[in-house]
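# Structural features, examined
Below, each chain spelled out in residue letters.
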Amino acid sequence: MESQPKGFFSELKSDFPAGLVVFLVAVPLCLGIALASGAPLFSGVISGIVGGTVVALLSGSPLGVSGPAAGLAVIVLTAIQALGYEPFLLAVVIAGVFQLLLGFAKAGVIGYFFPSSVIKGMLTGIGLIIILKQIPHAFGYDSDPEGDYAFQQINGENTFTALEHMLSAITPGALLISILSLAVLILWQQPFIKRLKFTTIVQGPLVVVAMGIIIQQILINTSWNLDPEHLVTLPVANDWSEFLGLFTLPDFSQWNNPAIWITAITIAIVASLETLLSVEATDKLDPYKRLTPTNQELKAQGVGNLLSGLIGGIPVTQVIVRSSANIQSGGKTKAAAFIHGLMLLVSVLAIPKLLNMIPLASLAAVLIVVGFKLAKPSLFKEMYKLGQKQFIPFMVTIIAILFTDLLVGIGIGMVIAIFYILLNNYKAPYFVEDKRKDDGIIHLELAEDVSFLNKASILLSLKKLPANSKVLIDASNTLHIDYDIKEIIMEYKANAAYKNIDLSFIGLDAETMDLQPSAKQDKAGARIPGPPVTFD
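These notes cover the structure that comes with them.

What follows is about the overall build of the chain. Each helix and strand counted, the chain has 21 helices and eleven strands in total. For 536 residues, the compact-globule estimate of 2.2 N^0.38 gives 24 Å, and the C-alpha radius of gyration of the chain, at 24 Å, lies within 12% of that figure. A principal-axis box enclosing the C-alpha atoms of the chain has dimensions of 85 × 60 × 45 Å. By the burial criterion, 55% of the 536 residues in the chain qualify as buried. Here the analysis covers contacts within the chain between residues at least 6 apart in sequence; of these, 81% occur between residues at least 24 apart. When the accessible surface of the chain is totalled, it reaches about 22,400 Å², and 66% of it is carbon and sulfur.

As structure tokens, then:
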């Protein structure tokens, strides 16, 4: 079994190409989210740089990528219109302080209370949103900025009317680039291409971007030439003084304005929720099943927002689109996120004109592939097989995200998931008990009914188990165990191998984590444990 990556720069061979892909995806998203937020374009770049460098260094997330978030766009737009930009920046600074306090108060535990069905619904919903939002860009219809993932768009249209209107505004050059780009990306995934050594260094998205620039240059003197609106539009400073002028300082004189504090608290809460949701989703996508320390993540995000607000940036959160692109591109440690942030910084200083030659159609193709990998048809089949308690919250979350926005969709999905949980568990108490017996084995005993409501305590209990130990998970008295808990134990089983933990089970199938159907019952109805099942 491949060992877990260790050390910040231990996997540069994988992290550098992944960081480059995330950088290419992040540039238009940073600009688009700033535009959708009613903020200066460069403020999104500042947020991306801070998220990619400062937050990446302080975070404990191995694969999460931070930067400006689409979910905050409406809040930021409203706040800037009501307060002005400089006072708004003060609210961002104060929001960062609040997030630091939340981290020290150990509020990160909230992240463990999102059901698996809702998290998977969130990932799938975001995948579908990415595809639907990028199709117009692939056709050359760029009226809605990159990074606007809400159903209602800032240009007055919605996700589906944009698809209708794009058909009467097709840009042939953009369509040509997107078709060729998708062909290259699909080709790059084929086994016979993957066997070629250079494909481990040169990622498909990099080839697509380079190809897009070349095709655009060929089309310049033809009727298929792409106008600037179809290209990346990074602000260009002609000299150092112009570059410094792109930064803005907060208006500290507004510190006693109640509206500033209300805005700051709102940003802190929403940004923290978005971050914790992304952390949970990213950890599920992590091939090594590592757990991000959520309190440390809140502190890192707090420092990021404090600094972003001080130098003129919009709020920072961990974001699932860039995190997904990082994982799909082979990123293994947080060096990939740091490299993406460093590239953002270097690019605005050295090569903004080159970046402004990148067609949005090329990046649309990259994001469509990212979206498809998040919303694979096989996932729908998998969730359906798990039964209605998993499938209905999963589908409701997807539909709600498609027709509202990320946070509202998650909220609606949570209501449905909690309804099923309470329906199943309102009678049964729960406990998990850690018993170290004379044989040196750590015994974790599960109660009669183990539900999603117990997710946080089980995660924390498993996380505390020391490396090189022997652990027995005892479900001999358990009558019901939620799928969320099975999934946690399965993921821990994968992680235990990396920590040299000898893990065994009583009353659970070692592969599926189902309660063993062969377990007998005594006259009182209690399950009689069978022999331990060991997993090496």
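This part takes up the nonpolar core. Across soluble globular proteins, you tend to see nonpolar side chains buried next to one another. Judged by nonpolar contacts, the single largest core of 52 residues is most densely connected at F114, M122, I126, I130, V321 and I410. No other element matches the eight residues that helix 5 (residues 116–138) contributes to this core. If near-sequence neighbours (up to four positions away) are discounted, I126 is found in contact with I320, V321, L374 and L406.

Below, the discussion takes up empty space enclosed by the protein. Counted by the stated rule, this structure contains five cavities of 30 Å³ or more. Its boundaries defined by the atoms lining it, the largest cavity holds a volume of some 130 Å³. What lines the largest cavity is a set of 13 residues, among which E280, D283, L291, L459 and E491 lie closest to the centre. Taken together, the elements giving at least two residues each to the lining of the largest cavity come down to helix 11 (258–285), helix 20 (455–463) and helix 21 (483–498). Among the elements that take part in the lining of the largest cavity, helix 11 stands out by supplying four residues, more than any other. When the residues that make up the lining of the largest cavity are grouped by side-chain class, the tally is five nonpolar, one polar and seven charged.

Turning to its location among the elements, D142 is positioned in the loop between helix 5 and helix 6 (159–166). Only 2.6 Å separates the side chain of D142 from the side chain of H137, close enough to count as a polar contact. Of note is the side chain of D142, whose polar atom sits 2.5 Å from the side chain of H230. Among all residues touching D142, those that are not within four sequence positions of it are H137, E229, H230 and L360.

Okay, the layout of surface pockets next. Roughly 650 Å³ of volume is contained in the largest pocket. Along the wall of the largest pocket there are 23 residues; nearest its centre are K284, L285, K373, L374 and K376. Elements with a minimum of two residues in the lining of the largest pocket: helix 5, helix 7 (172–188), helix 11, helix 13 (320–328), helix 16 (360–374), helix 17 (377–385) and helix 21. Residues belonging to the lining of the largest pocket are distributed by class as follows: eleven nonpolar, four polar and eight charged.

So, on to a nonpolar patch on the surface. On the surface, W240, L244, L342, L345, V346 and L349 cluster together into a nonpolar patch covering about 560 Å² of accessible area. Among the elements that take part in the nonpolar patch, helix 14 (residues 335–350) stands out by supplying four residues, more than any other. Given the relative accessible area of 56%, W240 is considered exposed.

Following the sequence through the fold, T233 ends up in the loop between helix 9 (204–219) and helix 10 (240–244). For the pair T233 and P28, spaced 205 residues apart in the sequence, the C-alpha separation amounts to 7.9 Å.

It is worth spelling out the pattern of salt bridges at this point. Under the defined criterion, the tally for this structure stands at seven salt bridges. One salt bridge connects E491 with K284, and the closest N-O pair in it is separated by 3.9 Å. Of this pair, E491 sits in helix 21 while K284 is found in helix 11, placing the two residues 207 residues apart along the sequence. Across the salt bridge formed by D286 and R290, the nearest N and O atoms sit 2.9 Å from each other. Across the pair, R290 and D286 agree in class, each one buried. One connected set of salt bridges, linked through shared partners, spans K120, K284, E382, E487 and E491.

Our focus in this paragraph is the environment of L24. Among the structural elements, L24 can be located in helix 1 (residues 12–36). By relative accessible area, which is 7% here, L24 ends up buried. In this structure the C-alpha to C-alpha distance between L24 and R322, which are 298 residues apart in sequence, comes to 10.0 Å. Dropping the residues within four chain positions of it, L24 is found in contact with P205, L206, V209, I358 and L363.

Basis of the calculations
- Residues numbered from 1 in each chain as written.
- Predicted model: local features only at pLDDT ≥ 70, side-chain atom pairs only at ≥ 80, totals over all residues.
- Heavy atoms only, no water.
- Helix = DSSP H or I, 4+ residues; strand = E, 2+ residues; numbered from the N terminus.
- Rg over C-alpha atoms; globule rule 2.2 N^0.38 Å.
- Buried < 20%, exposed > 50% of the residue type's maximum accessible area, 1.4 Å probe, protein only.
- Contact = heavy atoms within 4.5 Å.
- Areas by Shrake-Rupley, 256 points an atom, 1.4 Å probe, with all protein chains shown as cover.
- Core = buried A, V, L, I, M, F, W, Y, C linked by side-chain atoms within 4.5 Å.
- 1 Å grid on protein atoms, 1.4 Å probe; cavity = no way out; pocket = protein on both sides within 12 Å on 5 of 7 lines; lining within 4 Å.
- Points joined across faces, edges and corners; volume = space filled by probe spheres on them.
- Nonpolar A, V, L, I, M, F, W, Y, C, P; charged D, E, K, R; others polar.
- Polar contact = N/O pair within 3.5 Å; in protein donor to acceptor, adjacent residues only side chain to side chain.
- Patch = residues over 30% accessible without salt bridge, like charges linked within 9 Å, V, L, I, M, F, W, Y side chains within 5 Å.
- Salt bridge = Lys/Arg side-chain N within 4 Å of Asp/Glu carboxyl O.

Function-wise, these values are silent; they only describe arrangement.
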